[in-house]
Amino acid sequence: MQKWYMWLVASLLIVGLLTACGTDNQEEPQTEEAPTEETEEQTTGSGEAVAFPLTITDATGTEIVIEEEPQTLISLVPSNTEIVYALEALNRVIAVTDNDDFPEEVKDIETIGGMEFNVEKIIAANPDLVLANEMNNAEGLDQIRNAGVQVLVVNNASSFAQLYDSIEMIGNAVGKSEEANNVITSMQETITEVQTKASEIEDADKATVWVEIWPAPDMYTTGKGTFMHEMLEMINATNAAGEQEGWPMFTEEDAVVLNPDVIITTYGHVEGMENAVEDVLARSAWTEVEAVKNERVFNIEANIVERPGPRLVEGVEKLAKFIYPDVFEN
């Protein structure tokens, strides 16, 4: 488990590089303008009528034509699986990755490996559609396409706006655009409620937060261009590492100087690191840090603040309650 989490940290750093190289410039999903009598109609989140066959421009800029509503899906990243689940289409998923852990039902679904997925197994399963991600191995995806299996590459979202695009794209591709619109609307409404409450917080009461996604000696935090940074802004808190980009590495000495009011760890669920909060509070070099003096150190599940899926709104709400309990517990 610890080895897997180290892989996750490395992956997050790669994502940061991809973001810096311009992953914001995603193509919007393209759909046919009008259905014919022989096509199956559905409605996009904007209310625009679309139909199968459906043309979508994926995250690589490739136009793919989905002839019929897919009935069998393979998901190559956990975030895609969570989106499909939120769209009430998990029953169509015939295979997922070894890293999928939500919802509980994924434990009963066949697996096709991790980031190094089993190409032969995917081809043999012959799904109607493979839901991939920009982080997946491009050569492996080409092998799947060359075998005649359709692949849709979803953007590697690092912001809520990009996540909404991902949800809309997958919703259109699997014939669940109405459900996608409902998921997006629900997320936006929850965030608006949080932001409304957060607007009551005075500047003098604004908390500085240190997010620790991995402890010393290889201490990593979260900077601009990440979900965690955007979440902290939503709840009117200051990211202690907000001047940095992506997932920067800090020395313990440099982190202490930031003197945060609150510390959030995201690795307390990792095997052997369950005492993350207690370990931070016990650090001899941190005794004068405000968060440690006031015992304002909390652990949050990484997947609800880092994985680009609908559960990120849970992460926003939980962070808000940790950081401003007087405002958000009422």
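A few points on the structure. (Residues numbered from 1 in each chain as written. Predicted model: local features only at pLDDT ≥ 70, side-chain atom pairs only at ≥ 80, totals over all residues. Heavy atoms only, no water.)

If you walk across this open sheet you meet the five strands as β7-β6-β5-β8-β9, and the pairing is parallel. Strands at the two margins of the open sheet, each flanked by one partner only, are β7 (110-111) and β9 (151-154). Sheet strands in contact with helix α4 (residues 138-146) are β8 (129-133) and β9, and its direction is about 150 degrees off that of β9. Strands β8 and β9 of the sheet are contacted by helix α5 (residues 160-173), whose axis makes an angle of about 165 degrees with β9. (Pairing = 2+ DSSP bridges. Helix = DSSP H or I, 4+ residues; strand = E, 2+ residues; numbered from the N terminus. Contact = heavy atoms within 4.5 Å. Axes fitted to C-alpha atoms, helices over the stretch in contact; angles between N-to-C directions.)

The interhelical angle for the contact between α5 and helix α6 (residues 177-198), taken along N-to-C directions, is 160 degrees, at an axis separation of 7 Å. With respect to each other, α5 and α6 are oriented roughly antiparallel. In this structure, α5 crosses over α6, and the sense of that crossing is right-handed. Packed against α5, whose contacting residues are Phe 160, Leu 163, Tyr 164, Ile 167, Glu 168, Gly 171 and Asn 172, the element α6 presents Ser 177, Ala 180, Val 183, Ile 184, Met 187, Gln 188 and Ile 191 at the interface. Along the lines of polarity and charge, the residues of the contact of α5 with α6 split into nine nonpolar, four polar and one charged. (Parallel < 35°, antiparallel > 145°, perpendicular 65-115°, else oblique. Left-handed = near helix turned anticlockwise from the far one by under 90°. Nonpolar A, V, L, I, M, F, W, Y, C, P; charged D, E, K, R; others polar.)

On to the pattern of salt bridges. According to the stated counting rule, one finds twelve salt bridges in the structure shown. Among the ionic pairs, Glu 69 bridges to Arg 92, the shortest N-O distance being 2.9 Å. Here Arg 92 lies in the loop between α2 (78-86) and β6 (93-96) and Glu 69 lies in the loop between β4 (63-66) and β5 (73-75), a separation of 23 residues in the sequence. Residue Glu 69 shares its accessibility class with Arg 92, and that shared class is buried. Taken together, the salt bridges that share partners define one network made up of Glu 82, Asp 101, Glu 301, Arg 307 and Arg 311. (Salt bridge = Lys/Arg side-chain N within 4 Å of Asp/Glu carboxyl O. Buried < 20%, exposed > 50% of the residue type's maximum accessible area, 1.4 Å probe, protein only.)

On to the sheet that holds strand β10 (residues 208-212), then. Across a sheet, paired strands are connected by hydrogen bonds in the backbone, their directions being either parallel or antiparallel. The four strands lie next to each other as β12-β10-β14-β15, forming an open sheet whose pairing is parallel. Looking at which strands have only one partner, the edges of the open sheet turn out to be β12 (238-239) and β15 (297-299). Where strand β14 (residues 262-265) and β15 come together, three bridges link them in parallel fashion. Along β15, the bridge assignment pairs Thr 265 with Asn 299. Contacting β10, β12 and β14, helix α7 (residues 227-234) runs over the sheet at an angle of about 155 degrees to β10. This element, helix α11 (residues 312-323), spans β10, β14 and β15 of the sheet and lies at about 145 degrees to β14.

Here the focus is the environment of Leu 312. Structurally, the position occupied by Leu 312 is in helix α11. Leu 312 gets classed as buried once you look at its relative accessible area, which sits at 0%. Counting along the chain gives 152 residues from Leu 312 to Phe 160, while the straight-line C-alpha distance between them is 8.8 Å. If we ignore the near neighbours within four places in the chain, the residues touching Leu 312 are Phe 160, Leu 163, Phe 227, Met 231, Ile 304, Val 305, Glu 306 and Arg 307.

All right, on to α2 then. When you tally the buried positions in α2, you get seven out of nine residues, the bulk of the element. Looking only at α2, the buried set comprises Pro 78, Ser 79, Asn 80, Thr 81, Glu 82, Ile 83 and Val 84. Elements in contact with the buried residues of α2: β5, β6, β8, β9 and α5. Positive backbone phi, at 65 degrees, marks Glu 88, one or two positions downstream of α2.

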